[in-house]
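Reading the structure
Chain residues, written in single-letter form:
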Amino acid sequence: MAGTGGEATPGDGRGEPFDPPQVEWTRVSPRLAAARRVVTCGPLLLIAAALAVLGVVADTSWVVLAAAAPLAVAVWAWLVIGRQVRAWGYAERADDLLVRRGLSWRTVVVVPYGRMQYVDVYAGPVDRLFGLAKVQLHTASARSDAYIPGLAPHEAARLRDRLASRGEARLAGL
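Everything in this summary refers to the structure shown in the same document. (Residues numbered from 1 in each chain as written. Predicted model: local features only at pLDDT ≥ 70, side-chain atom pairs only at ≥ 80, totals over all residues. Heavy atoms only, no water.)

**Observations regarding the packing of aromatic side chains**
- Throughout the structure, instances matching the rule amount to one aromatic pair.
- Between Trp88 and Tyr147 the ring centres are 5.3 Å apart and the planes differ by 55°, which places this aromatic pair in the tilted class. With Trp88 in the loop between helix H3 (68–87) and strand S2 (89–92) and Tyr147 in strand S7 (residues 147–151), this residue pair connects regions lying 59 residues apart in the sequence.
- With relative accessibility at 23%, the residue Tyr147 sits in the partly exposed group.
- Lys134 extends its terminal NZ or CZ atom over the ring of Tyr147, reaching a point 5.0 Å from the ring centre. (Phe/Tyr/Trp six-rings, centres within 6.5 Å; stacked < 30°, edge-to-face > 60°. Helix = DSSP H or I, 4+ residues; strand = E, 2+ residues; numbered from the N terminus. Buried < 20%, exposed > 50% of the residue type's maximum accessible area, 1.4 Å probe, protein only. Lys NZ or Arg CZ within 6 Å of the ring centre and 35° of its normal.)

What follows is the structure in structure tokens.
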């Protein structure tokens, strides 16, 4: 009797914990992929180039072949980073904020507005170079790890202000 009554069937959206029905996900900027690729793949490519040059100068073929390992890891990381960034998203609902991420280990974090203590906006040197910022949500829970990277600075500021005001409004109602 699967599919009759209130049971969830595969693909109907009900019962799917990682993609709740009627949720409009907002994706992070694709520039986040470029920033992460620079940080991850850049050093690997430098190592591969250094090994290749060392192998040619020292006339050692195994060192030139060893350069293929960091090069292969860089290619794999390039592809994975793109998919990881496309998996990030957030959704503002009436009573809470949803943040999703991950490919193999998928995560959806639900943060009720009334539980938010404060909201940070962070931008490191690489973030600023790519015009990005990260919004970090802090709650009373020690395990809360809700953050949204890869936002344009004006979107991060807007989201910070909106979440802070919603959090204050929910706390005032207690």
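**Focus: the pattern of salt bridges**
- Under the counting rule described, the total for this entry stands at six salt bridges.
- Glu92 is the salt-bridge partner of Arg158, the closest N and O atoms lying 3.1 Å from each other. A residue pair is termed long-range when its members are at least 10 positions apart, and Arg158 in helix H5 (residues 153–172) and Glu92 in strand S2 qualify at 66 residues.
- Arg158 sits in the partly exposed class, given a relative accessible area of 34%.
- Arg162 serves as the salt-bridge partner of Glu92, at 2.5 Å between the closest nitrogen and oxygen. You can see Glu92 sitting in strand S2 and its partner Arg162 sitting in helix H5, a full 70 residues away along the chain.
- Judged by its relative accessible area of 34%, Arg162 is partly exposed. (Salt bridge = Lys/Arg side-chain N within 4 Å of Asp/Glu carboxyl O.)

**Structural notes on the packing of helix H1 (residues 31–57) against H3**
- The N-to-C vectors of H1 and H3 enclose an angle of 175°; their axes lie 8 Å apart at closest approach. With respect to their mutual orientation, H1 and H3 come out roughly antiparallel. The residues of H3 that touch H1, namely those facing Leu32, Ala33, Arg36, Arg37, Thr40, Cys41, Leu44, Leu45, Ile47, Ala48 and Leu51, are Pro70, Leu71, Val73, Ala74, Ala77, Trp78, Ile81, Gly82 and Val85.
- The residue makeup of the contact of H1 with H3, split by class, is 16 nonpolar, two polar and two charged. (Axes fitted to C-alpha atoms, helices over the stretch in contact; angles between N-to-C directions. Parallel < 35°, antiparallel > 145°, perpendicular 65-115°, else oblique. Contact = heavy atoms within 4.5 Å. Nonpolar A, V, L, I, M, F, W, Y, C, P; charged D, E, K, R; others polar.)

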